[in-house]
Amino acid sequence: MGLFKLLKEKFSKKQDQDTKTYVEGMNKSRENFSSRLDSLSKKTKKVNQEYFEELEEILIEADVGVNLTLKTIEEVTSECKEKGISDSEEINEIVVEKLFQGYTEKGEVVTDVNFVNGTTVMLVCGVNGVGKTTTIAKLANRYIKLGKKVMLCAADTFRAGAVEQLKVWGDRLGCDVIVGKENSDPASVAFEGARQAKEKDIDLLIVDTAGRLQNKVNLMNELSKISRVIAKEIPDAPHEAFLVIDGTTGQNGVVQAKQFLDCVKLTGIVITKMDGTSKGGIILAIRDELGIPVRFIGLGEKMEDMEPFDLSKYLYGLCLGDK
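Before going into details, it helps to say that this report is about the structure given with it. Just so it is clear, the structure is predicted and the values come from calculations on it, not from any experiment.

Considering the overall build of the protein chain
Thought 1: When helices and strands are tallied, the protein chain shows 14 helices and eight strands.
Thought 2: What you see for the protein chain is a C-alpha radius of gyration of 21 Å, in line with the 20 Å of a compact globule of 323 residues.
Thought 3: Dimensions along the principal axes, computed over C-alpha positions, put the protein chain at roughly 65 × 40 × 35 Å.
Thought 4: Counting all 323 residues of the protein chain, 54% fall into the buried class.
Thought 5: Here the contacts in the protein chain between residues at least 6 apart in sequence split such that 78% fall between residues at least 24 apart.
Thought 6: When the accessible surface of the protein chain is split by element, carbon and sulfur atoms take 47% of a total near 14,300 Å².

Here we look at the pattern of salt bridges
Thought 1: Applying the stated criterion across every chain yields a total of 19 salt bridges.
Thought 2: The salt bridge partner of D112 is R142, with a shortest N-O separation of 3.0 Å. Taken together, the residues D112 in the loop between α7 (88-104) and β1 (120-125) and R142 in helix α8 (residues 132-145) connect sequence positions 30 residues apart.
Thought 3: Look at R142 and you get partly exposed, because its relative accessible area is 23%.
Thought 4: The partner of K258 in a salt bridge is E289, with the nearest N and O atoms 3.1 Å apart.

Some remarks on the nonpolar core
Burial of nonpolar side chains together is a common tendency in soluble globular proteins.
Thought 1: The biggest cluster of nonpolar side chains holds 106 residues, and the ones touching the most others in it are I206, I230 and Y314.
Thought 2: Ignoring any residue separated from it by four or fewer positions in sequence, one finds Y314 in contact with Y22, M26, G280, G281, I283, L284 and F309.

Quick word on the packing of helix α4 (residues 34-43) against helix α5 (residues 49-61)
Axis angle and axis distance: for two packed helices, these are the angle between their axes and the distance between the axes, and together they describe the pair.
Thought 1: It is the contact of α4 with α5, at a shortest axis distance of 10 Å, that shows an interaxial angle of 175°. One finds that α4 runs roughly antiparallel with respect to α5. Across from R36, L37, L40 and K43 in α4, the residues of α5 making contact are Y51, E54, L55, E57, I58 and E61.

A word on the environment of V179
Thought 1: Locating V179 in the fold gives a position in the loop between β3 (177-178) and α10 (186-199).
Thought 2: Through-space distance from the C-alpha of V179 to that of T104 is 40 Å; in sequence the pair is 75 residues apart.
Thought 3: Other than its neighbours up to four places away in sequence, V179 contacts A154, V163, K167 and V189.

Concerning the environment of S312
Thought 1: Looking at the secondary structure, you find S312 in helix α14 (residues 311-319).
Thought 2: Residue S312 is classed as buried on the basis of its relative accessible area, which comes to 18%.
Thought 3: Separated by 305 residues in the primary sequence, S312 and L7 have C-alpha atoms spaced 7.0 Å apart.

Considerations on α8
Thought 1: Look at α8: 20 Å from first C-alpha to last across 14 residues, which is about the 20 Å you get at 1.5 Å a residue.
Thought 2: Of all 14 residues in α8, 10 are buried; the element is thus mostly enclosed.
Thought 3: Every buried residue belonging to α8 is among K132, T133, T135, I136, A137, K138, L139, A140, N141 and Y143, and all of these are buried.

About the criteria used
Residues numbered from 1 in each chain as written. Predicted model: local features only at pLDDT ≥ 70, side-chain atom pairs only at ≥ 80, totals over all residues. Heavy atoms only, no water. Helix = DSSP H or I, 4+ residues; strand = E, 2+ residues; numbered from the N terminus. Rg over C-alpha atoms; globule rule 2.2 N^0.38 Å. Buried < 20%, exposed > 50% of the residue type's maximum accessible area, 1.4 Å probe, protein only. Contact = heavy atoms within 4.5 Å. Areas by Shrake-Rupley, 256 points an atom, 1.4 Å probe, with all protein chains shown as cover. Salt bridge = Lys/Arg side-chain N within 4 Å of Asp/Glu carboxyl O. Core = buried A, V, L, I, M, F, W, Y, C linked by side-chain atoms within 4.5 Å. Axes fitted to C-alpha atoms, helices over the stretch in contact; angles between N-to-C directions. Parallel < 35°, antiparallel > 145°, perpendicular 65-115°, else oblique. Expected span 1.5 Å × (residues − 1).

In short, geometric facts, not functional conclusions.
What follows is the structure, encoded as structure tokens:
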């Protein structure tokens, strides 16, 4: 049984709450991808060159990315010729399988945080406006509910209101927030956070970092300095470095990821606002171009709408959710 049919069999009859969240959150993206695939299939029962040109257009407009689109079209065309496949519905199913394979072939599919013995340190990066502070709160909420002792560290000292925002979330969640003086050195705040986290046997220290400095050199220096000082207190830290990307920005998210990748060794991507975009293919484009796994996906406004990324549920939500 092919992947397309397996997804349909697995999720169509009975959906848990997580799957429903994916289906509802991917509605706009599904309209721009799956619905267009269906229309193309109905219009073109027997495939021809025009069919593949339209298929290419659908993939690119869903922000799958030019490189992955061309690779997928080439592989699908080759398989169809080899197996003598000309039915458009069957070809659409092969497209979904190729997209799945493309994601898994880029390396291990990691989702949840890898906790170490002692304090696990997570750096959270992202340009202003992507929902970084809210994402930190949602991650903290998740692990507090899982029984972890969580501490927040407000090392984004350059953005007006960032520290206060984090303090408000800390109060709501009932976890400590380490802050410095106004315009203090971010690395010194991070160092104090690491020291206190270690002293208080904190399971997870989440460090908010500056999203936009004057240029990439400053950003690189700042993130490198934060990493160095944390490692002095907690060996091998930071253990995780997540980049938060606004799903509605499309290919700009890939550009942002490349810039931050030059500054810090990213271990994962968190995609926010996926429920507000029709460009759901951006997850596949990021994985294809950078090889970094998407670790969490934001599919709504509620605290519980930050889901560990599940490739099968994502593809189901993107391709089959309303069928």
